[in-house]
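Observations on chain architecture
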Amino acid sequence: MKALVPLPHLTADELLQRQRRASTADERDRWFALRTLTQQPQTSRTALLEQLGRSRRWLSALINRYNEHGPEAVADHRKGRAGQPPVLNAEQRAALGATLQSPPDGGGEWTARKVAEWITDQTGRSINPSTAWLYLKRLGHSGQKSRSAHPKAAN
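As a starting point, this report considers the structure included with it. (Residues numbered from 1 in each chain as written. Predicted model: local features only at pLDDT ≥ 70, side-chain atom pairs only at ≥ 80, totals over all residues. Heavy atoms only, no water.)

1. What to know about the nonpolar core
Counting 17 residues, the largest nonpolar core has Trp31, Ala33, Leu34, Trp58, Leu59, Leu62 and Tyr66 as the members making the most contacts within it. Sorting the residues of this core by element identifies α2 (25-39), α3 (45-52) and α4 (56-69) as the ones contributing at least two each. Excluding residues that lie within four positions of it along the chain, Leu34 makes contacts with Pro6, Leu15, Leu62, Ile63, Tyr66 and Val74. The next biggest cluster of nonpolar side chains, apart from the first, holds 13 residues, and it includes Leu88, Trp110, Val115 and Ala132. (Core = buried A, V, L, I, M, F, W, Y, C linked by side-chain atoms within 4.5 Å. Buried < 20%, exposed > 50% of the residue type's maximum accessible area, 1.4 Å probe, protein only. Helix = DSSP H or I, 4+ residues; strand = E, 2+ residues; numbered from the N terminus. Contact = heavy atoms within 4.5 Å.)

2. Description of the packing of aromatic side chains
Overall, the coordinates contain 0 aromatic pairs when judged by the stated rule. In this structure, Arg138 packs its charged tip against the face of Tyr135, placed 5.2 Å from the ring centre. (Phe/Tyr/Trp six-rings, centres within 6.5 Å; stacked < 30°, edge-to-face > 60°. Lys NZ or Arg CZ within 6 Å of the ring centre and 35° of its normal.)

3. Quick look at the pattern of salt bridges
By the definition in use, this model includes 2 salt bridges. The salt bridge involving Asp26 is made with Arg54; its shortest N-O contact spans 2.8 Å. Of this pair, Asp26 sits in helix α2 while Arg54 sits in the loop between α3 and α4, and the two are 28 residues apart along the sequence. According to the relative accessible area criterion, Asp26 is partly exposed, its value standing at 25%. Given the relative accessible area of 24%, Arg54 is considered partly exposed. Each of Asp26, Asp29 and Arg54 takes part in a single network of salt bridges with overlapping partners. (Salt bridge = Lys/Arg side-chain N within 4 Å of Asp/Glu carboxyl O.)

4. Details of α2
With 15 residues, α2 extends 21 Å between its outermost C-alpha atoms, agreeing within 8% with the 21 Å of an ideal straight helix rising 1.5 Å per residue. Within α2, the full set of buried residues consists of Glu27, Asp29, Arg30, Trp31, Phe32, Ala33, Leu34, Arg35, Thr36 and Leu37. In this structure, the buried side of α2 is in contact with α1 (12-21), α3 and α4. (Expected span 1.5 Å × (residues − 1).)

Below, the structure is given as structure tokens:
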């Protein structure tokens, strides 16, 4: 099977300029790979991928995307994506912090599962206990239980 080669959408100098102007390391790697394969098509793909710490799948996808859609397909399209909003807003985080100061309704210690249930009650969003654990940690709870003293130790 013949190796994929980037189409000549841009000259080597234009590829170099785009590489230098890249705003992220990922984008810089993309431009570097394209420039290298454009200038030296005989370059060992394995050596290039080892140098970049990337996979064959990454390189094939990059070249296919570049050949189909041109230089615009190389930009880092993750920029500007804020991701999902936090589960709790500032007011709800403060309420959780205040709630954690007293024992939970069922008694015992606050656990990630109990915090997850509290968050679900407050927000209507069901969350994973691991997310609730992150809120516990951010609010200063270590998750360590206090040790009960041995009955004979009180004497």
